[in-house]
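This is what each chain is made of:
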Amino acid sequence: MLLNALSQGTMTRVSVIGCGNMGGALIRGLRSVDGYHVTAIDLDPAALVAVESFAEETTDDASAAREADIVVIAVKPSIVESVLADLDLRADQTLVTFAAGVSRGFVAARTDASVVRVMPNLAAETGNMAAAVTEEGLTDEVRDLLGAVGEYAEVDESLMDIATAVNGSGPAFAFYLIDAMKTAGIDGGLEPEQAERLAAQTFKGAAETVLRDDRTVDELIDAVCSPKGTTIEGMKALRESDADDGVVEAVVAAERRSRELAEAFTDE
Ligand SMILES: NC(=O)C1=CN([C@@H]2O[C@H](COP(=O)(O)OP(=O)(O)OC[C@H]3O[C@@H](n4cnc5c(N)ncnc54)[C@H](OP(=O)(O)O)[C@@H]3O)[C@@H](O)[C@H]2O)C=CC1
Ligand SMILES: O=C(O)[C@@H]1CCC=N1
């Protein structure tokens, strides 16, 4: 059946080069979606073992990427240039680069494939990825791939540094905030497992509400704040704290680092 789908062209062949945290998350996420034949490529045998039950093929041979419709590069930014030097892609292939700070032009200058730059995040694994993708080089095939594992925004490449901070690094900032909520729950007497479940599900539910509800964030806060109730007291404490500043500083620091990384990868 798989062979039929491949020969009839109804299956999109995706090669993922670099199957660590981010490449592995994409591979695991695609396992729940029909229509993708995934080849996992990594030099680290342990990385391949970790994804072997989610990919159709695993190999340490990068030349396997020539068989793909879409080649995803998910190696560290400093490795991108050497990976590209070893690849021999065709003009009818699409190369998606995940690497932070590495410009689309830097990659495009080193391959015949058509290149699109994406800033993904780890939630690809559960189909909840938020990704920013450059308008340049974007195809419907790539839109389908990103849509299969989450939501995406099409942006000008000049916005990739801020997107890297908001949605690429963002999960770490969210994990940190969830942990703070969990710790407060434990301090109040909840078991750690209860506190983690309640805190994480609360963030998940709140995020889902923001995405699906037409009300503004301020209106949603009002909806939780009963007059003379509990939330209004908590919100007063939050507004008087420097929590907003901490979040902004985290995003600004990550954006600044993305710009620094980019300085090493000028278009040629
Ligand atoms: N982690 C994240 O949340 C996000 C990461 N990104 C981007 O994704 C990219 C990957 O990050 P991340 O997954 O965290 O990194 P990891 O180090 O977790 O994964 C990279 C993998 O690539 C392997 N590798 C190294 N050299 C080669 C090679 N020549 N050919 C094939 N595989 C190779 C590594 O093996 P070994 O360990 O042996 O070197 C490792 O298994 C980065 O460019 C990053 O900027 C983007 C958004 C989010
Ligand atoms: O920390 C990093 O550099 C990568 C890019 C965004 C998330 N992780």
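Residues numbered from 1 in each chain as written. Chains lettered and ligands numbered in written order. Predicted model: local features only at pLDDT ≥ 70, side-chain atom pairs only at ≥ 80, totals over all residues. Heavy atoms only, no water.

Draft legend 1. Representation of the site of ligand 1. Looking at ligand 1, there are 22 residues lining it, with Asn21, Met22, Asp42, Val75 and Ala100 nearest. Within the backbone of Met22, a nitrogen or oxygen atom sits 2.7 Å from an oxygen atom of ligand 1. Compared with its free state, where it exposes 890 Å², ligand 1 has 74% of that area covered by protein. Contributing elements (two or more residues each) for the shell around ligand 1: helix H2 (21–30) and helix H4 (77–86). The dominant element in the shell around ligand 1, judged by the number of residues it contributes, is H4, at three residues. Class assignment of the residues belonging to the shell around ligand 1 gives a composition of 16 nonpolar, three polar and three charged. (Near = heavy atom within 4 Å. Polar contact = N/O pair within 3.5 Å; in protein donor to acceptor, adjacent residues only side chain to side chain. Areas by Shrake-Rupley, 256 points an atom, 1.4 Å probe, with all protein chains shown as cover. Helix = DSSP H or I, 4+ residues; strand = E, 2+ residues; numbered from the N terminus. Nonpolar A, V, L, I, M, F, W, Y, C, P; charged D, E, K, R; others polar.)

Draft legend 2. Fine view of the pattern of salt bridges. With the rule as written, the count across this model stands at 18 salt bridges. In this structure, the salt-bridge partner of Glu125 is Arg28, at a minimum N-O distance of 3.2 Å. Note that Glu125 is positioned in the loop between strand E6 (114–119) and strand E7 (129–134) and Arg28 in helix H2, a separation of 97 residues in sequence. The salt bridge involving Arg215 is made with Asp213; its shortest N-O contact spans 2.8 Å. On the accessibility criterion, Asp213 (24% relative accessible area) is partly exposed. Among the ionic contacts, a cluster of salt bridges with common partners joins Asp140, Arg143 and Glu154. (Salt bridge = Lys/Arg side-chain N within 4 Å of Asp/Glu carboxyl O. Buried < 20%, exposed > 50% of the residue type's maximum accessible area, 1.4 Å probe, protein only.)

Draft legend 3. Seen up close, the UniProt feature "domain: Pyrroline-5-carboxylate reductase dimerisation" (unreviewed entry) in the protein chain. Per the UniProt annotation, the sites labelled "domain: Pyrroline-5-carboxylate reductase dimerisation" (unreviewed entry) are residues 157–261. Its end C-alpha atoms 15 Å apart, residues 157–261 is made of 81% helix and 0% strand. (UniProt positions renumbered as here; feature names shortened; annotations may be inferred.)

Draft legend 4. Focus on H4. Along H4, the residues that are buried comprise Pro77, Val80, Val83 and Leu84. Looking down the long axis of H4, one finds its buried residues gathered within 100° of arc, a one-sided arrangement. Away from its buried face, by an angle of more than 90 degrees, H4 presents the exposed residues Ser78, Ala85 and Asp86. (Arc of directions from axis to C-beta.)

Draft legend 5. Looking closely at the sheet that holds strand E2 (residues 36–41). Reading across from one edge, E3-E2-E1-E4-E5-E6-E7-E8 is the order of the eight strands in this open sheet, with mixed pairing throughout. Among the strands making up the open sheet, the edge pair consists of strand E3 (57–59) and strand E8 (150–155). Taken over all neighbouring pairs, the strand axes of this sheet differ in orientation by 25° on average, direction set aside. Bridge analysis of strand E1 (residues 12–17) against E2 gives six bridges, and the strand direction is parallel. Bridge pairing links Thr12 to Tyr36 in E2. (Pairing = 2+ DSSP bridges. Axes fitted to C-alpha atoms, helices over the stretch in contact; angles between N-to-C directions.)

Draft legend 6. Geometry of the UniProt feature "binding site: NADP(+)" (unreviewed entry) in the protein chain. Look at the UniProt record and you will see "binding site: NADP(+)" (unreviewed entry) annotated at Ile17, Gly18, Cys19, Gly20, Asn21, Met22, Ala74, Val75, Lys76 and Pro77. In sequence the annotated residues extend across 61 residues, while in space they remain close, none of their C-alpha pairs exceeding 14.0 Å. Along the polypeptide, Ala74 turns up in the loop between strand E4 (70–73) and H4. A relative accessible area of 16% means that Ala74 is categorised as buried. Setting aside chain neighbours within four positions, we find Ala74 in contact with Ile17, Gly18, Gly23 and Phe98. Tracing the backbone shows Val75 in the loop between E4 and H4. When neighbours within four sequence positions are excluded, Val75 is seen to be in contact with Ile17, Gly18, Val80, Val83 and Ala99. (Contact = heavy atoms within 4.5 Å.)

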